Every structure is written in structure tokens, then in C-alpha cells.
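Descriptive analysis of the structure
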Amino acid sequence: MHLSLATLIILVPALTTLLLFFVPAKKVQVVRWLAAGGAFCTVIISITMMATYDKAVGGWQFTQVVTWVEDLGISWNVGADGISVAMLLLTSLVIMAGTLVSFKVTDRPKEFYILLMALVTGVFGVFAGRDMFFFYFSYELAVIPMYLLIGVWGSTNKEYATMKLTLFLTAGAVVALIGLLLLYWHTKEFFDANPALLEAFRNAHPDFSDATSSSFNLLQVQYAAKHAMEMGGPASREFFSLGFQLWVFPLILLGFGAIAPMWPLHTWSPGGHAAAPSAASMLHAGVLMKLGSYGIIRIGLTCLPEGAAKILPIVAALCMMNIIYGGMVAMAQKDLKFVIGYSSSSHMGYVLLGIASMNVIGLNGAVFLMFAHGIMTALAFGLIGWFYDQTHTRMLPDLGGLAKQIPFIGVCFTIMALASAGLPGFANFASEFMVLIGSWQEAVRGNSWFFLYTILAVWGIVISATYLLRAARWAFFGPLNPCWEGKIKDADTWFWRAPFIMLIAALVLFGCYPKLLIDVIATGTGPIVDIIENARQAVAGIK
Amino acid sequence: MDDNTVATLAYVILFAPVVAAILITLFTRKSKGISAFLSVGSVVTGGILSVILLFDQLAKGPGTPPVISQFEWAAARDSAIGDIVLNIGVQVDFISILMSTIVGVVGSCIFVYALGYMKGDEGWSRFFAKFAFFAFSMLGITYATNFVQIFIFWELVGVSSYLLIGYFYQKPSATDAGKKAFMTNRIGDFGMTLGILLLFFAVRDVFGAVDGFSFVELQRIFTDEASRTLLFDAMGWKAGLGAFLIFVGAMGKSAQFPLHVWLPDAMEGPTPVSALMHAATMVAAGVYMIVRCYWLFAWAESAMIAIAWIGGITALMAATIAVVQNDIKKILAYSTLSQLGYMVMACGMWGAGAGMFHLATHAFFKALLFMGAGSVIHACHTNDIWEMGGLAKKMKHTTWTFIAGTLALAGIFPLAGFWSKDEILSASHHIAPLYWIGVGVAFLTAFYMGRCVFTAFFGKYRGDGHPHESPAVMWVPLAILAIFAIFGGWVGAPADLNPFGEHGLQSYLLVAYTTVAEGAHQQVINWPTGQGHMAKSLHMNVAVIGTLVAVAGLFVSYLFYGSRKFSAEKAKKMFGPIYTLVSNKYYIDEFYLFLVKKVQQGFANLCSIVEQHIIIGIFVNGLAGGAREAGDKFRKMQTGRVNTYVTMILGGLTLLVFLFVVGKEFWG
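Reading the values: rules and limits
- Residues numbered from 1 in each chain as written.
- Chains lettered and ligands numbered in written order.
- Predicted model: local features only at pLDDT ≥ 70, side-chain atom pairs only at ≥ 80, totals over all residues.
- Heavy atoms only, no water.
- Helix = DSSP H or I, 4+ residues; strand = E, 2+ residues; numbered from the N terminus.
- Rg over C-alpha atoms; globule rule 2.2 N^0.38 Å.
- Buried < 20%, exposed > 50% of the residue type's maximum accessible area, 1.4 Å probe, protein only.
- Contact = heavy atoms within 4.5 Å.
- Areas by Shrake-Rupley, 256 points an atom, 1.4 Å probe, with all protein chains shown as cover.
- Buried area = accessible area lost by both parts, 1.4 Å probe.
- Salt bridge = Lys/Arg side-chain N within 4 Å of Asp/Glu carboxyl O.
- Nonpolar A, V, L, I, M, F, W, Y, C, P; charged D, E, K, R; others polar.
- 1 Å grid on protein atoms, 1.4 Å probe; cavity = no way out; pocket = protein on both sides within 12 Å on 5 of 7 lines; lining within 4 Å.
- Points joined across faces, edges and corners; volume = space filled by probe spheres on them.
- Expected span 1.5 Å × (residues − 1).
- Polar contact = N/O pair within 3.5 Å; in protein donor to acceptor, adjacent residues only side chain to side chain.
- Core = buried A, V, L, I, M, F, W, Y, C linked by side-chain atoms within 4.5 Å.
- Phe/Tyr/Trp six-rings, centres within 6.5 Å; stacked < 30°, edge-to-face > 60°.
- Lys NZ or Arg CZ within 6 Å of the ring centre and 35° of its normal.
- Axes fitted to C-alpha atoms, helices over the stretch in contact; angles between N-to-C directions.
- Parallel < 35°, antiparallel > 145°, perpendicular 65-115°, else oblique.

**Digging into the overall build of chain A**
Each helix and strand counted, chain A has 20 helices and two strands in total. Here chain A has a C-alpha radius of gyration of 23 Å; the compact-globule value for 543 residues is 24 Å, and the two agree. Overall size of chain A, expressed as C-alpha extent along the three principal axes, is 75 × 55 × 45 Å. Of all 543 residues assigned to chain A, the portion counted as buried reaches 69%. Considering only contacts within chain A whose residues lie at least 6 apart along the sequence, 80% involve residues at least 24 apart. Looking at chain A as shown, the accessible area adds up to about 16500 Å², and 68% of this sits on carbon and sulfur atoms.

Okay, here's the thing in C-alpha cells:
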């Protein structure tokens, strides 16, 4: 049987997880290298996808459909479009770095790696999945191992943190699930009422020639939404009316917004990052948070565009709380991981702002920033983990002058701080700049509030530079705190350096030449912007 | 040369230093010789190629159309409002070549000098890699084709300065100074980003899918009267605002009041860094951008007035502070500030040519002065001019070059500074208060430089070391720069005194900054104020007054610090509170410290408290606590005793029956 790349990228970590069960716990080296090997395969696959993705054709590629539960309309339905390709690349790079960094884990490494690989299987499943059931399943698969990873291998108030994280994310998932189920039933009713369109859908998609009216297939839902919205005005039509969308979109938004994390649902995140072991916080901040914004784009914007068009301007206002308030809170933190944690919630504000501006450059910027921020923040947590393992403190006043003792980590940390502060040459700058352009474009289009948002967002960049340089200054520069003299080891072999170098290289490559990635992303965002543009014109003038 | 060759050369000039920086960082950190060779070689190559391009441009004559080569860096294909394309490339015209020549030639001297100055430093390769990267960033600004590119390199210059000022990273004051430079520049960039966006979308709004980032496109719009009127009518007051916001970026880089505070602290970096930053790169960037985008500023009159006044205030304020400094590098730092204010002031009074000319001459003699100061510091191991003295006998080369630089800076005929200062004063002729500020600054400049020279180089040696002349690798660059400082100004002299007659520097500059290539000359006399300032001959009154005050300044300083006829102590007492105010730099640093430490950090702490105690404490934990409490309460119902359960069942049953009966009565 032929396996598409999208199937492979989910199967590889799943198989790795399975294989790990059979390796004796004592053979630590085997466990480690097996996990690293699995991660490496995903990197190869995702790079191949990126390289072979046909930009001229666009749309879903590397697809594979196998029916699972016919009565419920659940199938193994995977593929990747431009957005997915970028996210899969991000995930594979972060898990590669994460497995390498975790070679230091000596406490029950086998279980650690099993959970890590299970988690990442879920993440790949979300990014490559086109079936809403499978989407939800993978999402939960990504969240639950995190509970154990933090609870068992974590530090700093880990019980509280992991409880809070899991409750928040599961609650969010349940809210989103309600939204997904509503969509499912609504689609079923729609196709039952319009059997001709079901026939048309089957004919248009040879992969789904046996589709029934009840389906979790995202494409089928989108198809239903599209045709339903052509059947009449937003208020008068029978299916996917504005009323329905205004009721379901908030469920999707809040459900996925909890993990994005949208203010004020963000409080689980800094504490969670701080408590998690290195690799877990790398994945967590680097990839898991992106599941939220990805879900909003993938399901919210495409299936419920009119609801989105009405509600997203409000979200933009919340983004300001993320950006400015999150940044200010980061400025007051003493624990380095909390600084980065709040900075993540601040930066995710830019992603949401890009989505809320609902135009090409804003959405492209948002997806690109999801990628850039994921890499950058994984780098940050990896580096902090490196010295935290040795100092057992992350409190800024206790550190100081570490650059003298661990120059390589110091250089990488400075690079990370500058990248995060939006310095050109790193992917973060290009993406944030695109978000700013997008936000201003929305303001020019008529929503004058976005002028204020853009100004605040630009000021947010000043704030981010303030707390990041402050953190770098306190931890790494100035005279060395004598208690660390000779106590901390630098990443002095190429093996330990590899994960950091790899992440920095990705930031620099796509930062110096963003076109490489943006052209791929644009093939995915283009159709979405078209959908939302139509919806905006339909609902224009309706309060 | 054909356009392809020109563009290729420009790319080589631009990318050579960054290639060197990358090679050093990745491969040659251990071998100092190769690192230095790569770094210095890349900049010297750039300098030579720039000079070749300059001669080519001179041969082609004024008004040669720019050569532009660019590639797409990122884009958004938007069918609704037209594509937004961000480009990177090179725009080669007279102004960019002139700037790149300044960077290349002055830079080469500084790089060679650094070979001597940095000898024995443990971070040698790191230094030369960063140094080359600094040159690259500046060249990127120089050759930028559009606002996005200039902004990208603008930020890179900021980060290079952060890295180089904080070069001695274990020294708290150095890393703090680096941070301060970066942050202050960030505030400037805040304005610049908004200005760029404002302008871009205003142009989009009026002209449709035009690339509103591109300099050439914007220049075409702004220089054509019809389209300019159209745009200005649509923008209204926002036109002035946009121009001013973009200028805010220049205020950060060129250290204009009130964003000047980072520059004096930037002295924490090694002296070659100070020289590079103060002469050819970084601070020059702001002035260069004003000249580069002059088509925009020139028509935004309200912004221009603000620019002129900000420049004037900076010039005066910094000159007064320079008078009371004792650290030789600080004197020069405030002098740079003051001269930058001069240039900006000139630009603000429609004298961009004068500003650019002064930028060029200043680059040479300020680099010279800094490196001279470095040579002195190297010999005396102190920065305090009161611990020097009598160095003229011990360090001959350093002394005569330093004096040449001083006279050039003071604007003594016929040294370089004289010609450019004269242009500035003539340009500012029509705003009387600013003209007199300019004259006052000329006096103060001569005075503080005289004070520095008489104290450090003459009289008796007051330190306790054994000063000696620096090695040739350090003083030969000084001598080269001194030659430029002495003779370089002639190229920009008014036509009747200029060795090139009508074809002096100004004729090229005028054409370059007024309009797009065709039919430029007519435009000159039609500036918004009706002020065409290109001087055919010297304005005798301006030149005489300028020279007189400069000589007076030197003479007064001689009376105080040379012959000691007057006592500096008495003068200090005489000025009393003013002296305190000035020597505390007008308390601007204290004001910022208050803003950062108290206001900003206070607000941050407040947010943190809200986060901890209200959002997490009350809402999140409250919710969790509520759930737990409720669970706790309901748990108590499960007593496990049969009689409780029976009582509850009976009670419930009674209640149900009661409700059923009563309900039936009421609602049928």
C-alpha cells in the first residue's frame, strides 16, 4: 500500500513510541537514539514535503484517505496545504532539538521519551489531519502526555502548574468539541436537505466518492458552508446562517483560544512552561500553543467565516492585552522562564492580531510568525534548561555574568533574545513586520481601531526588547557571580551544540530569505482569505 | 561602466564585510591573522571599489539616473489592494556612492588603526567580526532601495552598536551602555515604523498599486507637482506627521534631542568603535536618511521646521555640555552630538546639500580626532585631560594630526570644516534665531576644542606614566585622515573658489537630492521657501562672522587654558547654577532614569500584581477553589448513615408531592 508523506509523518513518531515500549529501560542509549532517529525521520519527511510541495498547484497535497468508521463518517484523512507544511516543518525541527536536548534526562528516560513521542504524534496529527474527529483526537493526544511530563519530570510548583494546564486545555478542548459537533450535525442536516450537493461533492472529490451526509471530513464541512452561504442572505438562509455562525464561532475561538493562549485564558501557560522539563517546554511553547491559532484558522475561518468576520475585531482588542499587558508582566518577572513564558503570550498576541486583520499579508504574517516564534521559543527553553540543570535556579538576580563561564550558551541566548525582540535577519522580524502591515491595512480599510492596535503593537516591540535585553543583561553579562565560577559546563561538544545551531540556522535562513517559506504559506492562506473576504462583503452593514 | 557592472560592484561592496564576518565567526576564530585580514580586507576592498564608482559617477556627470537592482524578499499577493512586495537590493546613485566612499575610506583607516589598538585583546576575532558586520549594516542603509530595506539595516546598525558598545561584556557600565543605545534607538524605530506604514498606505490609497516603499517610486510622486498635490490633499496634516515620524527614526540614530542620551555612554566601547560610530556609521545614518528621502521632507514644511529646531537645540545643548567635560572621549562625543545637530538643522532649513557636505567632512576629521584621542589614551592610560599635558613633545605625529583635526572642526579657513560650516550657516541664514544658534555653536566648538588641546597637549605633563608615540599602524591612518581634514573641503567650496569650478561636489549633490534625474536644475530655485542655497561664491558676511567667532573661541580658550590669564575656577563660580546644570547634562539622564525605573517598572510591577492576585488569584484559583469548596459541601451529604438517607428520601418525596399538588392548583 502506498503511504503518503502526510501519513508517514504521523506514523513515524507513533511507531517510535510503540518501539520504545519494547526496549528494555536499562538500555538508555538505545532509547535515546531510537527517539532521536524517529525525530530525525520526521525532519527529513517535513523537509521533503516543503521541497516537493507544488506551489503552482497549491491546495492539499500528500493526501491519503482511508475510511475508518463509515456510519459516523470518520476516516483517516490526511494531507498538507501551505500552512500545514510550515507547521509540520516547525514541529519536526522542535522535536528533533527536543530529543537531543533530552539526552540529559537520566530519570526514567524510557518513559520520558515514550510520552514525548506520543505527544508529538498528536501534534503531527493535528497539523496533517483533515478530519475533525481525528483533529480532536490528536489534540487530546498532544495534551495528556504533557500532564505527565510536567507532573513527573517538572520542577517549581509542578503539581499546581500541571493541574492548571491540563484543566485549562481540556476545558478548552471540550468547548471546541461542542463547536465541532455542532458543525458536524449542521452539515449532516444540510446534506440531508440537499442531496444533490452531496452528489456534487462526491463527484468533485474522487477521494470521497463514498461520502455520506454525516461526515467529520473538514473538506465536506467547508463545502457545505460554502454552498449554504450561496443560498441566501446571512439572516435569511436556512443553513450556516449568521445566527448559527455567531453561536458556534465563539466556541471554536474560546476552545482553541485557551491554548493559543488568548488573554485572559493565558495564565496556565507561563506557569506551565516554568514547571515543565526542557523538552516539554520547548514543545509546549514552540508547538502546542500554535495548535490553538491553527485550529482557529483551519476550522473557524474556513467553516464559519461570517461569524469570524463579526467577532475577530473584538479579538483584536484582546490581542492588545496579550501584547502590552503580557509584555509588561514579563518585564516584572524575576524567574527567567516566566519572562519567556509571558513573552510567549505577548508574541502570540501578534499571531492573533494577524489573524484578526483578515487580509493576505496579515494572515501570512501570522502563520509565518507561528513558525518563527515556535523555533525561537524552543531555542529559549532549551538554553535555559541547559544551565538550569546545573545551577538549579533561574532567578535573574542569582545569575549574572554567565557568558564568561558558558560562552556558547551565552551567544545563543543573546541571539535568541535579539530574534525575539524582532531583529531583522531572523524570521521573527519579517513575520511581525507583515502582521503590522496587515493590521494597518485593516485600519485603512475602515476599522479605525486598528490604527490604535498597530501603534500599540509597534510599541509592544519596544517592550519586548526591554525585557529581553534586561534578561540577557542580568543572566549573562556583567561580572560573573562568583558562586558559579567553574561550576557550570558549556555546551562544548558539537553534539550538545547541534540542537541550538539547528534552530538558529532555521531562524536565520527564513529570516534572511523569507520568500522561501512565505510563498508556501501563501498557497494555504490565499483560499482562506478569499472565503473570509466573501463573508465580509455578505455581512457588511449587518450589525 | 554599464549598469550591470555598477550594480555588481555595489553588491560586492555591500556583501564583502558580511561574508568576512560570517567566515570569521564560523571558521577563523582561532587564527587572529586571517580574521584580521578578512575583516580589514573586506572594508578596504569596499573603499577602493567605492572610489572607483565615485570616479565613474563623476565622469558621467551630475544627474545620472540611479542604477537599481533588487530582488523580492517577501511578498503578499493580494488581488484586492494589489501586491505588497518587500524588496532588497542596491540603489546606486551619487548620494549612495558618496556615502559608501565615506564609509569605505574612513572605515579603512579605522580598521587599520584597530589592528594596532586592539593588539593583545583576547576577543580579537570576535571584535573584527562584529566590526565588519557594523560596516555591512551601514552599507546596507547606504545602498537601500526602499524604506523596508533601510529599516532592516537600520535595526542591524542598532544591534551592531549594541554588540560593540557592550564589547567588554563583563563590565556592567559597558553592557548597560549597549543596552541603552539599543533601547533608545528602538524608540526612534517605533516612530519610523509608523511613519513608513502611514506613508505606504497613503500612497496606496491615492495611486493604487504603487510600491509605496520604493524610494524611486516615492521620489517620482513627490517631485511631480500634480501627484504631490493630490497626495498632500488626501493626507492633510498626516503628511507632516508621516515625515516627522520617519524623522524620529533619524533622531534615534543621529542622536538628536531628546533621544541623544545613548551617544555619550557609547564611549564605553573600544576607541575604534567610537571612531567608526561617530564618524562614518550609525550617527551618519540619520542625516543620510534625511538626505536620501529629501523629496519627502522638503515638501513637508511643518516637519521641516520641527527638524530644524530639534537640530538647533541639539547643537547648542551638546556644545555647552562639551565645554565642561574632562574625559577626552566625552568631549569628542558631545562635539559629535553638537555637529550632528548642525547637520540636521541645515537639512531642516532646506540645506540638505550642506548637511551632507558637513557629514562628509565631519566624518574625516571626527574619525581623526577619535583615533588621536585613542592614541593618547593608549599612551597615557587615562581618559582625563587633566592627567595629560605636554604631550606635544612626546607624541609628535599624534599631536599635529590632532591639531589639524581641531582646526578643521573649529572651522578655520581653509580647512575642511570651514567650507561645510559655511554652507550650513548660509543655509540657515533665513531663520534668524537658528542662525545665531549656529554662530554661537561655532564659538563654543572652537572654545572646547581649544580647551582640550591646550590642556592635553601643551603645558606640563601631569600624569605619572611615560607617554610615547603610538606605532606606525596607528599614526599612519591618522596622517591620511589629517590630509583629508586639511584639504578635503575644497571639493565642496563655492564655484569661484573651487578647483573644479562649476563641477564641485555641490553641483552633484544638488542634482542628486532635488529631483529625479531629468530637468533637475530648474527645481533648485523653487524650493518651498524660494531658497536655493547653492552658493556661486562665498557669502562674505557669513564667512567672516563664522571665522571670527571660531578664532575668538580658540583665543578665549588660550587665555583660559594656554596662557592662564583667566582662571577657569573663577569662571565656574561666576556661572554657578548654570555650571551645575550643564555639568549634570541638564538632568536629562536622571529624567529618563526616573521614567524607566519608576514609571515603566512601576507599571510593569502593577501589571504583575494584577496578574498574580486578581487574574490568577481571584479568577483562576477562585474558580478552582469554588469547585473544590462546592465538592467539599456536597461530600458531606454522603454521611453513610441509613437514617440520614431515609430522612432525605422522605423529605424529597414530601417536597415533590407538595410541589405537584400546589403546582396543579396554580397552573392547571
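Text resumes after the structure shown.
**Side note on the overall build of chain B**
Broken down by element type, chain B carries 27 helices and two strands. Each principal axis of the C-alpha distribution contributes one length, and for chain B these read about 115 × 65 × 55 Å. The buried share of chain B, taken over its 668 residues, is 58%. Partitioning the intrachain contacts of chain B with sequence separation of at least 6 by distance along the chain shows that 77% fall at a separation of at least 24. In the structure as shown, chain B presents an accessible area of about 25700 Å², 69% of it carried by carbon and sulfur atoms.

**A short note on the interface of chain B and chain A**
Chain B puts 48 residues into the contact, and the matching count from chain A is 54 residues. Interface area, chain B with chain A, both sides summed: about 4900 Å², of which 72% is carbon and sulfur. There are two salt bridges connecting chain B and chain A. The salt bridge partner of Lys515 of chain A is Glu72 of chain B, with a shortest N-O separation of 3.1 Å. Elements supplying a minimum of two residues to the side of chain B that touches chain A: strand E1 (67-76), strand E2 (84-92), helix H5 (147-165), helix H6 (172-207) and helix H26 (588-635) of chain B. Tallying contributions element by element places H6 of chain B first for the side of chain B that touches chain A, with 14 residues. The class makeup of the residues in the side of chain B that touches chain A is 32 nonpolar, eight polar and eight charged.

**Notes on empty space enclosed by the protein**
Considering all chains together, one arrives at eight cavities of 30 Å³ or more under this definition. Taken as a whole, the largest cavity spans an internal volume of roughly 160 Å³. Forming the walls of the largest cavity are 15 residues, and the residues nearest its centre are Thr67, Gly73, Ser75, Asp210 and Ala211 of chain A. Secondary-structure elements contributing two or more residues to the lining of the largest cavity are strand E1 (61-69) and strand E2 (74-80) of chain A. Tallied by class, the residues present in the lining of the largest cavity amount to four nonpolar, eight polar and three charged. Its boundaries defined by the atoms lining it, the second largest cavity holds a volume of some 130 Å³. Along its surface, the second largest cavity is lined by 14 residues, and Phe429, Leu436 and Ile461 of chain A together with Phe151 and Thr193 of chain B are the ones closest to its centre. Listed by contribution, the elements that provide at least two residues to the lining of the second largest cavity are helix H17 (427-445) and helix H18 (449-476) of chain A together with H5 and H6 of chain B. The residue makeup of the lining of the second largest cavity, split by class, is eight nonpolar, two polar and four charged.

**Notes on helix H21 (residues 472-487) of chain B**
One full turn of an α-helix is made of 3.6 residues, so residues set three or four places apart face in the same direction. Residue and element names in this part refer to chain B. A rise of 1.5 Å per residue sets the reference length of H21, with its 16 residues, at 22 Å; its end C-alpha atoms lie 22 Å apart and thus fit the reference within 8%. Residues of H21 that are buried include every one of Met474, Pro477, Leu478, Ala479, Leu481, Ala482 and Ala485, and no others. Looking at the packing, one finds that the buried side of H21 touches helix H3 (94-117), helix H16 (352-380), helix H18 (396-410) and helix H19 (416-427).

**Description of H18 of chain A**
Over its 28 residues, H18 of chain A extends 40 Å from the first C-alpha to the last, a length consistent with the 40 Å expected when each residue adds 1.5 Å. Buried residues dominate H18 of chain A, accounting for 21 of its 28 residues.

**Observations concerning the layout of surface pockets**
Leftover empty space is mapped by rolling, across the atoms, a probe with the size of a water molecule. Approximately 1400 Å³ is the volume attributed to the second largest pocket. For the second largest pocket, the lining is made up of 45 residues, of which Asp176, Lys179, Lys180, Leu593 and Val596 of chain B are closest to its centre. If you list the elements that add at least two residues to the lining of the second largest pocket, you get H18 of chain A together with H6, helix H10 (262-265), helix H15 (328-348) and H26 of chain B. Ranked by residue count, the leading element in the lining of the second largest pocket is H26 of chain B, at 11 residues. The residue makeup of the lining of the second largest pocket, split by class, is 22 nonpolar, nine polar and 14 charged.

**Focus: the side chain of Ser281 of chain A**
All names here are of chain A. Within the secondary structure, Ser281 sits in helix H11 (residues 278-303). A polar contact of 3.4 Å, which involves the side chain of Ser281, links it to the side chain of Lys337. Not counting residues within four places of it along the chain, the set of residues in contact with Ser281 comprises His273, Ala276, Gly286, Lys337 and Phe381.

**Overview of the pattern of salt bridges**
Residues and elements named next belong to chain A. Within the structure shown, the criterion is met by 21 salt bridges over all chains. Notably, a salt bridge pairs Arg536 with Glu442, separated by 2.8 Å at the nearest N-O pair. Taken together, the residues span a long stretch of sequence, with Arg536 in helix H20 (residues 515-539) and Glu442 in helix H17 at a distance of 94 residues. The exposure classification of Arg536 matches that of Glu442, with both residues buried.

**Re the nonpolar core**
Ranked by size, the top nonpolar core spans 448 residues in total, and within it Leu183, Phe368, Phe371, Phe387, Ile409 and Phe476 of chain A together with Phe147 of chain B carry the most contacts. For this core, the element with the most residues is helix H14 (residues 360-391) of chain A, which contributes 20 residues. With residues near it in sequence (within four places) discarded, Phe368 of chain A still touches Ala427, Ala430, Ser431, Met434, Phe510, Pro514, Leu517, Ile518 and Ile521 of chain A. The next biggest cluster of nonpolar side chains, apart from the first, holds five residues, and it includes Ala410, Ala446, Ala550 and Leu554 of chain B.

**Observations regarding the packing of aromatic side chains**
All chains considered together, the criterion is met by 73 aromatic pairs over all chains. Both rings, one in Tyr53 of chain A and one in Phe62 of chain A, keep their centres 6.4 Å apart while their planes meet at 40°; by these two values the pair is tilted. Taking relative accessible area as the criterion, Tyr53 of chain A reaches 4% and is therefore assigned buried. These aromatic residues form a ring-pair network of at least three members: Phe111, Trp124, Phe127, Phe128, Phe131, Tyr167 and Phe168 of chain B. One Lys or Arg, Lys104 of chain A, reaches over the ring of Trp386 of chain A and ends 3.5 Å from the middle of that ring.

**A word on unusual backbone geometry**
With the exception of glycine, the majority of residues adopt a negative phi angle, and the majority of peptide bonds are in the trans configuration. Residue and element names in this part refer to chain A. The peptide bond linking Ala260 to Pro261 adopts the cis configuration, its omega dihedral lying at -15°. Mapping Pro261 onto the fold places it in the loop between helix H9 (242-257) and helix H10 (268-275). In this chain, Trp263 is followed by Pro264 through a cis amide linkage whose omega measures 0°. In this structure, Pro264 sits in the loop between H9 and H10. Despite not being glycine, Met358 shows a phi value in the positive range, around 55°. Within the secondary structure, Met358 sits in the loop between helix H13 (336-356) and H14. Take Met358: its relative accessible area is 4%, and that puts it in the buried class.

**Topic: the packing of helix H8 (residues 218-229) of chain A against H11 of chain A**
What describes two packed helices is the angle between their axes and the distance between those same axes. All names here are of chain A. Viewed as axis vectors pointing N to C, H8 and H11 meet at an angle of 25°, and their least axial separation amounts to 9 Å. Taken together, the axes of H8 and H11 lie roughly parallel to each other. Along the contact surface, H8 presents Leu218, Val221, Gln222 and Ala225, while H11 presents Arg298, Ile299, Thr302 and Cys303. When the residues that make up the contact of H8 with H11 are grouped by side-chain class, the tally is five nonpolar, two polar and one charged.

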